[in-house]
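# Summary of structural features
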Amino acid sequence: MASRVLLVGGSGLMGSHAARALLAAGHRVSVLARGERPPAPGVEALRADRRDRSSLARALDGRGFDVTVDFLAYDAPDVEALFAVPGAALGRYVMISS
């Protein structure tokens, strides 16, 4: 069964590879990034700066995902900002950090 997957920071090195692998496995993939780097073909691009709550709300409000994979969380406020978006359904949350 295909999942709706959100990759936060998914246009970078790790995220772009994850996006292509998830697409190849039949999942629907969205990438949330602040930059202008285009995502892999077939991936929905969502533009927002995670430290700007209003841009997060514009990008995520009313959207639903089964899984959110976060490649860019540095601290608790980064994670809290995602979960504070009204109307966003992030599903299971996975944070990848060094």
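Reading the values: rules and limits
Residues numbered from 1 in each chain as written. Predicted model: local features only at pLDDT ≥ 70, side-chain atom pairs only at ≥ 80, totals over all residues. Heavy atoms only, no water. Core = buried A, V, L, I, M, F, W, Y, C linked by side-chain atoms within 4.5 Å. Buried < 20%, exposed > 50% of the residue type's maximum accessible area, 1.4 Å probe, protein only. Helix = DSSP H or I, 4+ residues; strand = E, 2+ residues; numbered from the N terminus. Contact = heavy atoms within 4.5 Å. Pairing = 2+ DSSP bridges. Axes fitted to C-alpha atoms, helices over the stretch in contact; angles between N-to-C directions.

### Examining the nonpolar core
The tendency in soluble globular proteins is for nonpolar side chains to be buried side by side. Membership of the largest hydrophobic core comes to 13 residues, with the highest contact counts inside it found for Leu-6, Leu-32, Leu-46, Leu-56, Leu-60 and Leu-82. Listed by contribution, the elements that provide at least two residues to this core are strand S1 (4–8), helix H2 (53–60) and helix H3 (76–83). With 3 residues, H2 is the single largest residue contributor to this core. Residue contacts for Leu-46: discarding those within four places in its chain leaves Leu-6, Ser-30, Val-31, Leu-32, Ala-33, Ala-59, Leu-60, Arg-63 and Phe-65. By size, the runner-up hydrophobic cluster in this structure holds 10 residues, among which are Leu-7, Ala-19, Val-29 and Ala-33.

### Topic: the pairing of S1
Burial analysis of S1 places 4 of its 5 residues in the buried class, the great majority of the element. Strand direction decides the pairing type here: S1 and strand S4 (residues 67–70), joined by 4 bridges, are parallel. Counted as the bridge partner of Val-8 is Asp-70 from S4.

### Re the sheet that holds strand S2 (residues 28–33)
With respect to topology, 5 strands assemble into an open sheet ordered S3-S2-S1-S4-S5, the strand pairing being parallel. Among the strands making up the open sheet, the edge pair consists of strand S3 (44–47) and strand S5 (92–95). On average, adjacent strands in this sheet sit at an angle of 20 degrees to one another, irrespective of strand direction. The pairing of S1 with S2 spans 5 bridges and is classified as parallel. If you follow Val-5 over to S2, its bridge partner there is Val-29. Those strands touched by helix H1 (residues 13–24) are S1 and S2, and its axis lies near 170 degrees from that of S1. Against the sheet, H2 engages S1, S2 and S3, with an angle of about 155 degrees to S3.

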